[in-house]
Amino acid sequence: MLWYEILLLIIAILLFFVLLIAVILFIMLLPGSRKKVKNFDWLLARPIAHRGYHNGQKDCPENSKAAYQKAIDRNYNIEIDIHVTLDNQIVVFHDDNVERMTGVNKLIKDMTLEEIKQLRLQGGEESIMTLPEFLDLVHDQVGVLIEFKNSQGGKLEKYAWPILEKYNGRWVMQAFQPDSLKWFKQNQPSIPRGQLCFNYMETKNPWLRKFLYTYLFSNFIGRPNFISYNWPGCKYKTIKLLRKMHAPLLVWTVQNEEVYNQVKDKCDNVIFENLELK
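What comes next is a walk through the structure. Just so it is clear, the model here is predicted, and its values are computed rather than measured.

About the thresholds
- Residues numbered from 1 in each chain as written.
- Predicted model: local features only at pLDDT ≥ 70, side-chain atom pairs only at ≥ 80, totals over all residues.
- Heavy atoms only, no water.
- Axes fitted to C-alpha atoms, helices over the stretch in contact; angles between N-to-C directions.
- Helix = DSSP H or I, 4+ residues; strand = E, 2+ residues; numbered from the N terminus.
- Parallel < 35°, antiparallel > 145°, perpendicular 65-115°, else oblique.
- Left-handed = near helix turned anticlockwise from the far one by under 90°.
- Contact = heavy atoms within 4.5 Å.
- Nonpolar A, V, L, I, M, F, W, Y, C, P; charged D, E, K, R; others polar.
- Buried < 20%, exposed > 50% of the residue type's maximum accessible area, 1.4 Å probe, protein only.
- Arc of directions from axis to C-beta.
- Core = buried A, V, L, I, M, F, W, Y, C linked by side-chain atoms within 4.5 Å.
- Patch = residues over 30% accessible without salt bridge, like charges linked within 9 Å, V, L, I, M, F, W, Y side chains within 5 Å.
- Areas by Shrake-Rupley, 256 points an atom, 1.4 Å probe, with all protein chains shown as cover.
- Salt bridge = Lys/Arg side-chain N within 4 Å of Asp/Glu carboxyl O.
- Lys, Arg positive; Asp, Glu negative; His and termini not counted.
- Charge placed at Lys NZ, Arg CZ, Asp CG, Glu CD.
- Polar contact = N/O pair within 3.5 Å; in protein donor to acceptor, adjacent residues only side chain to side chain.
- Phe/Tyr/Trp six-rings, centres within 6.5 Å; stacked < 30°, edge-to-face > 60°.

## Thoughts on the packing of helix H3 (residues 65-73) against helix H6 (residues 131-138)
- Where H3 meets H6, the axes come as close as 10 Å, and the angle between the chain directions of the two elements is 25 degrees. Compared by their axis directions, H3 and H6 come out roughly parallel. The interaxial crossing formed by H3 with H6 has right-handed handedness. Contacts between H3 and H6 pair Lys65, Tyr68, Gln69 and Ile72 from the former with Phe134, Leu137 and Val138 from the latter.
- Taken together, the residues of the contact of H3 with H6 break down into five nonpolar, one polar and one charged.

## A look at helix H11 (residues 237-244)
- Within the span of H11, buried status applies to Thr238, Ile239 and Leu242. Seen end-on, H11 carries its buried residues on one side only, within an arc spanning 105 degrees. Exposed and oriented more than 90 degrees from the buried face of H11 are Lys237 and Lys244.
- Residues of H11 that are buried sit in contact with helix H1 (3-29), helix H10 (219-222), strand S7 (226-230) and strand S8 (249-254).

## Things to note about unusual backbone geometry
- Here the bond from Trp252 into Thr253 is cis, since omega is -25 degrees, no more than 30 degrees from zero.
- Look at Asn63: it is not a glycine, yet its phi comes out positive at around 50 degrees.
- Mapped onto the secondary structure, Asn63 falls in the loop between strand S1 (48-50) and H3.
- Asn63 sits in the buried class, given a relative accessible area of 1%.
- With phi around 65 degrees, Asn88 is a residue other than glycine that occupies positive phi space.
- Topologically, Asn88 is positioned in the loop between strand S2 (77-84) and strand S3 (90-92).

## Regarding the environment of Leu277
- Summarising the element assignment, Leu277 is placed in the segment after strand S9 (269-272).
- With 129 residues separating them along the chain, Leu277 and Phe148 place their C-alpha atoms 26 Å apart.
- Setting aside residues no more than four positions away along its own chain, Leu277 makes contact with Arg46, Pro47, Tyr76, Tyr260, Val270 and Phe272.

## A word on the environment of Ala12
- Counting through the fold element by element, Ala12 comes out in helix H1.
- Counting along the chain gives 57 residues from Ala12 to Gln69, while the straight-line C-alpha distance between them is 63 Å.

## Description of the nonpolar core
- Core analysis: the biggest nonpolar cluster contains 59 residues, and Ile80, Ile82, Phe134, Phe148 and Trp171 have the highest contact counts within it.
- In terms of residue count, the dominant contributor to this core is H6 (five residues).
- When sequence neighbours within four positions are dropped, the list of residues in contact with Phe134 reads Tyr68, Ile78, Ile80, Val92, Met129 and Val144.
- Of all hydrophobic cores here, the second largest spans 12 residues; its members include Val37, Trp42, Ile48 and Trp252.

## So, a positive patch on the surface
- A surface patch of like charges, here positive, comprises Lys237, Lys240, Lys244 and Lys266.
- Mapped onto the elements of the fold, Lys244 is located in helix H11.
- Among the residues examined, Lys244 registers a relative accessible area of 67% and is labelled exposed.

## Concerning the side chain of Asn63
- Of the polar contacts made by the side chain of Asn63, one reaches the side chain of Tyr68; its length is 2.9 Å.
- A polar contact is formed between the side chain of Asn63 and the side chain of Asp81, at a distance of 3.4 Å.
- Once residues lying within four places of it in the same chain are set aside, the contact partners of Asn63 are Arg51, Tyr68, Glu79, Ile80, Asp81, Val92, Phe93, His94 and Leu121.

## What about the packing of aromatic side chains?
- Across all of its chains, the model carries 20 aromatic pairs by this definition.
- Centroid distance Tyr200 to Tyr213: 5.4 Å. Interplanar angle 90 degrees. Geometry classified as edge-to-face. Here Tyr200 is found in the loop between strand S6 (193-197) and helix H9 (207-214), whereas its partner Tyr213 is found in helix H9, with 13 residues between them in sequence. Both residues of the pair, Tyr200 and Tyr213, count as buried.
- Here Phe211 and Phe217 contribute two aromatic rings whose centre-to-centre distance is 5.4 Å and whose plane-to-plane angle is 25 degrees, an arrangement assigned as stacked.
- On the basis of relative accessible area, Phe217 is assigned to the buried category, the value being 8%.
- Each member of the aromatic cluster is reached from another via a ring pair, and the members are Trp207, Phe211, Tyr215, Phe217, Tyr229 and Tyr236.

Here it is as structure tokens:
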């Protein structure tokens, strides 16, 4: 075999492996089918108020009844976060630790509902709501985007589902942890699933995980029906490709007119705060 024939063979083998890797990554990237889940067109029809329509003050703090009511009054869909307590109750709150909003340095997973109910948000009159309280307030007046926070190995999903199963209103779930989406894919496949994401490349995770998560090649775990990405991610080619594959894109958190104008034509809806959107 001549030297150039050997060279051509090596090139052919390399091209084969490049093509194989590309095919594998494409399969990993694929979103879930929208035909297999409940219709969620409503999620794209109205802007989504981040933790309610709050003003950052004690009279209307994030994830409070006042903030939710203001969002309902403006016909905004609402984004919330949920956690499971020590006594297996589901509360609506963003952080793992309640200190930022209440001044008490404790993790929600280490607190009972009775302890949590004694706290007040930002020193005002508003308290942390349970998921049933929140759903009773909303009563399908608007749609709800629910972020599942610390899954705790499926514990959060296990205790949240019986509550959500009884709710007749519009809601979908999203999470950063692909295993949370996987739980719904396996146990409640009709519920639309959203993969939350941001640029992991500057985090301390192993490089492979950072790469897979940043560019959504982790989709094979939970097969999301929509993507919820930090707004600078609009530029990523995998995000654009997913939109072409009919996976809607939500971007977060849009906090001013400048960013809104940058992203409004590059996504299907926005999760926002500090703005008045039509």
